[in-house]
Amino acid sequence: MSLYSAGVEYGIHCLIFLVGNGGETREASVRDLAELQGVPLDYLAKIFTKLAKAKLVVATEGVRGGFKLARPADEISLLDIVNAIDGAKAIFECREIRGRCALFAGEVPEWAVDGHCSVHGAMLTAQKRMEEALAQQTILDIARRVGRKAPAQFNAQVESWMNDRREKKGTASAQGNVDQLIQVTEIDG
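Keep in mind it's a predicted model, so treat the numbers as computed, not measured. (Residues numbered from 1 in each chain as written. Predicted model: local features only at pLDDT ≥ 70, side-chain atom pairs only at ≥ 80, totals over all residues. Heavy atoms only, no water.)

Draft legend 1. Quick look at the packing of aromatic side chains. Counted under the stated rule, the structure contains 3 aromatic pairs. On the basis of an interplanar angle of 50 degrees and a centroid distance of 5.3 Å, the ring pair of Phe48 and Phe67 is categorised as tilted. Separated by 19 residues along the polypeptide, Phe48 in helix H3 (residues 41-53) and Phe67 in strand S2 (residues 67-69) bring together distant segments of the chain. The exposure classification of Phe48 matches that of Phe67, with both residues buried. Arranged with centres 5.8 Å apart and planes meeting at 90 degrees, the rings of Phe104 and Trp111 form a pair that is edge-to-face. (Phe/Tyr/Trp six-rings, centres within 6.5 Å; stacked < 30°, edge-to-face > 60°. Helix = DSSP H or I, 4+ residues; strand = E, 2+ residues; numbered from the N terminus. Buried < 20%, exposed > 50% of the residue type's maximum accessible area, 1.4 Å probe, protein only.)

Draft legend 2. Looking closely at unusual backbone geometry. A positive phi is found at Lys55, a non-glycine position, where the angle reads about 60 degrees. Mapped onto the fold, Lys55 is located in the loop between H3 and strand S1 (57-59). Its identity is not glycine, yet Glu96 carries a phi of approximately 50 degrees, on the positive side. Examined against the element boundaries, Glu96 turns out to sit in the loop between helix H4 (78-86) and helix H5 (110-113). Its relative accessible area of 39% is what places Glu96 among the partly exposed residues.

Draft legend 3. Summary view of helix H7 (residues 139-149). Within H7, the full set of buried residues consists of Ile139, Leu140, Ile142 and Ala143. For H7, the angular spread of the buried residues around the axis is 160 degrees, confining them to a single face. Away from its buried face by more than 90 degrees, H7 exposes Arg148 and Lys149. (Arc of directions from axis to C-beta.)

Draft legend 4. View of the packing of H3 against H4. For the pair H3 and H4, the least separation of the axes is 8 Å and the interaxial angle reads 115 degrees. The crossing of H3 and H4 is right-handed. On H4, the residues that touch Ile47, Lys50 and Leu51 of H3 are Ile81, Ala84 and Ile85. Here the contact of H3 with H4 is composed, by residue class, of 5 nonpolar, no polar and 1 charged. (Axes fitted to C-alpha atoms, helices over the stretch in contact; angles between N-to-C directions. Left-handed = near helix turned anticlockwise from the far one by under 90°. Contact = heavy atoms within 4.5 Å. Nonpolar A, V, L, I, M, F, W, Y, C, P; charged D, E, K, R; others polar.)

Draft legend 5. Fine view of the packing of helix H1 (residues 6-17) against H7. At a minimum axis distance of 9 Å, the contact between H1 and H7 shows a crossing angle of 75 degrees. Relative to H7, H1 is oriented roughly perpendicular. Across the interface between the two elements, Ile12, Leu15 and Ile16 from H1 touch Ile139, Ile142, Ala143 and Val146 from H7. Residue composition of the contact of H1 with H7, grouped by class: 7 nonpolar, no polar and no charged. (Parallel < 35°, antiparallel > 145°, perpendicular 65-115°, else oblique.)

Draft legend 6. Structural context of the nonpolar core. Leu33, Leu44, Phe48, Leu51, Ile81 and Ile139 are the most contacted members of the largest nonpolar core, which totals 38 residues. Those residues in contact with Ile139 that lie beyond four places of it in its chain are Ile12, Leu15, Ile16, Val19, Leu69, Ala73, Ile76 and Ile81. (Core = buried A, V, L, I, M, F, W, Y, C linked by side-chain atoms within 4.5 Å.)

Draft legend 7. Structural detail: the pattern of salt bridges. Summed over all chains, the structure comprises 7 salt bridges. Residue Asp32 is joined to Arg165 by a salt bridge in which the shortest nitrogen-to-oxygen separation is 2.8 Å. Taken together, the positions of Asp32 in helix H2 (residues 30-37) and Arg165 in helix H8 (residues 152-169) put the pair 133 residues apart, joining distant regions of the chain. (Salt bridge = Lys/Arg side-chain N within 4 Å of Asp/Glu carboxyl O.)

Draft legend 8. Spatial organisation of the side chain of Ser77. As for its position among the elements, Ser77 is in the loop between S2 and H4. Residues contacting Ser77, with those up to four places away along its chain left out, are Leu134, Ala135, Gln137 and Thr138.

Draft legend 9. The confidence of the model for the protein, seen in detail. When pLDDT is averaged along the protein, the result is 86; 87% of the residues meet or exceed 70. When pLDDT is averaged over each element of the protein, H4 comes out on top at 97 and helix H9 (residues 174-188) at the bottom at 50. In the model, residues 171-175 has pLDDT below 50 throughout and makes 11 contacts with residues more than four positions away in sequence or in other chains. (pLDDT = per-residue confidence, 0-100.)

Written as structure tokens, this is what we have:
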């Protein structure tokens, strides 16, 4: 079982598509991002509710409304995204079994439970290092890695695809996105 939900993966991938090659912000609707990546729309709408609450994305208004990054891409870390979507999680739960050794026969010596559990300490160190690594990487870093890996024309194809979608919307506005967020928030309670 993975530590982080599929929502974290979906959220990071979506935010990558909201970053252009030069680090500029793009706009896109949740529906377009779901279709572009082949992910469930309803689930992605819930993810965007969380991203908006964390002030990582904002709804845009107008006929071509959607969402865009709320801050520059180099100021949004992977840890920000993880915490917005899944919340802060401990990777280990110490159950204090160090005092249960059969050799103690119900008389736990002080040395066995003195101080912090060494196993728990090692796990806390691992979590701290993982979170530090996530905090050091921004969505711009990841978008640039994807940009270097993808063929040169891919970014232009994404831009064209998104522009075509916005033009086809005609009278659609960001209000539809806001309404969708309100409905999802009401469902989530």
